[in-house]
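# Descriptive structure summary
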Amino acid sequence: MFVLVPAVMAFVGVWMVVGAAREIGGVRALQRSGQETRGRVVASHVKHSSSGSGESRSVSSRLVETVEFPTLDGRRVRGVPAYSDVGMLDRSDTDVRVLYDPALPERFIAPKSARMGTGGAVGRIVFALVFLAFVAGFVVLSQGMLSDAPF
């Protein structure tokens, strides 16, 4: 039990780091080599998600945009950005800057400013690393306690 629970917790922490690092890499790749065009936010809605149950239940909300834009070859793409930094800013019926992957135009971002921030992903990495340090400390402490215990 002193190994299984920390192993699962460590797996979750590593999963958080990998997911956030992939997000940062994806955003940076689109900013570096994505094709730029102008698009229009054709719809937006608030998506609610909840976790937990009873009194420990928490609900979070985020704005999801649907953007339509033309590619260089004239196709019209309509979809939800792969990553978003708009928070709860409703940009419905406004023109936005779009950066898309020329090989896969459905993979795009529509940042709210000149560069898309990745502070949320960096924050998740820092949190996960602190979490992993706590798990490692717990494992070391529990193994030390088990080795000193008389059997």
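Here the structure is shown first, and the text comes after it.
This section reports on the structure supplied with the text.

Definitions and limits used
Residues numbered from 1 in each chain as written. Predicted model: local features only at pLDDT ≥ 70, side-chain atom pairs only at ≥ 80, totals over all residues. Heavy atoms only, no water. Helix = DSSP H or I, 4+ residues; strand = E, 2+ residues; numbered from the N terminus. Expected span 1.5 Å × (residues − 1). Buried < 20%, exposed > 50% of the residue type's maximum accessible area, 1.4 Å probe, protein only. Core = buried A, V, L, I, M, F, W, Y, C linked by side-chain atoms within 4.5 Å. Contact = heavy atoms within 4.5 Å. Pairing = 2+ DSSP bridges.

With 30 residues, helix 1 (residues 4-33) extends 43 Å from end C-alpha to end C-alpha; this agrees with the ideal 44 Å at 1.5 Å per step. Here helix 1 has its buried residues at Pro6, Gly13, Ala20, Ile24, Gly26, Val27, Leu30 and Gln31.

A separate point is the nonpolar core. Listed in full, the nine residues of the largest apolar core are Val41, Val67, Phe69, Val77, Val96, Val98, Tyr100, Phe108 and Ala110. Every element with two or more residues in this core is listed here: strand 2 (58-70) and strand 4 (95-101). Considering each element in turn, this core owes the most residues, three residues, to strand 4. Beyond its immediate stretch of four places on either side in the chain, valine 41 contacts Glu65, Thr66, Val67, Arg91, Ser92, Asp93, Thr94 and Val96.

Relative to strand 4, strand 1 (residues 35-51) is paired through six bridges, and the arrangement is antiparallel. Each residue of the ladder has a partner; that of glutamine 35, found in strand 4, is tyrosine 100. The pairing of strand 4 with strand 5 (residues 104-109) spans three bridges and is antiparallel. Each residue of the ladder has a partner; that of aspartate 101, found in strand 5, is leucine 104.

Bringing the side chain of threonine 71 into the picture now. As for its position among the elements, threonine 71 is in the loop between strand 2 and strand 3 (76-79). A residue is classified by how much of its surface remains accessible, and threonine 71, at 9% relative accessible area, is buried. The residues touching threonine 71, leaving out its near neighbours within four places in the chain, are Val77, Tyr100 and Pro105.

What follows deals with the pairing of strand 2. Regular strands place side chains that alternate from one sheet face to the opposite one. As paired strands, strand 1 and strand 2 are joined by 11 bridges and run antiparallel to one another. Bridging from a neighbouring strand, serine 51 pairs with serine 58 of strand 2. Linkage of strand 1 to strand 2, two consecutive antiparallel strands, is achieved through a turn of six residues, within which glycine 52 is found at a positive phi near 80°. Where strand 2 and strand 3 come together, four bridges link them in antiparallel fashion. Bridge pairing in strand 3 places valine 67 opposite glycine 79. Remark: five residues form the turn of the hairpin made by strand 2 and strand 3, two consecutive strands paired antiparallel; glycine 74 in that turn has positive phi of roughly 95°.

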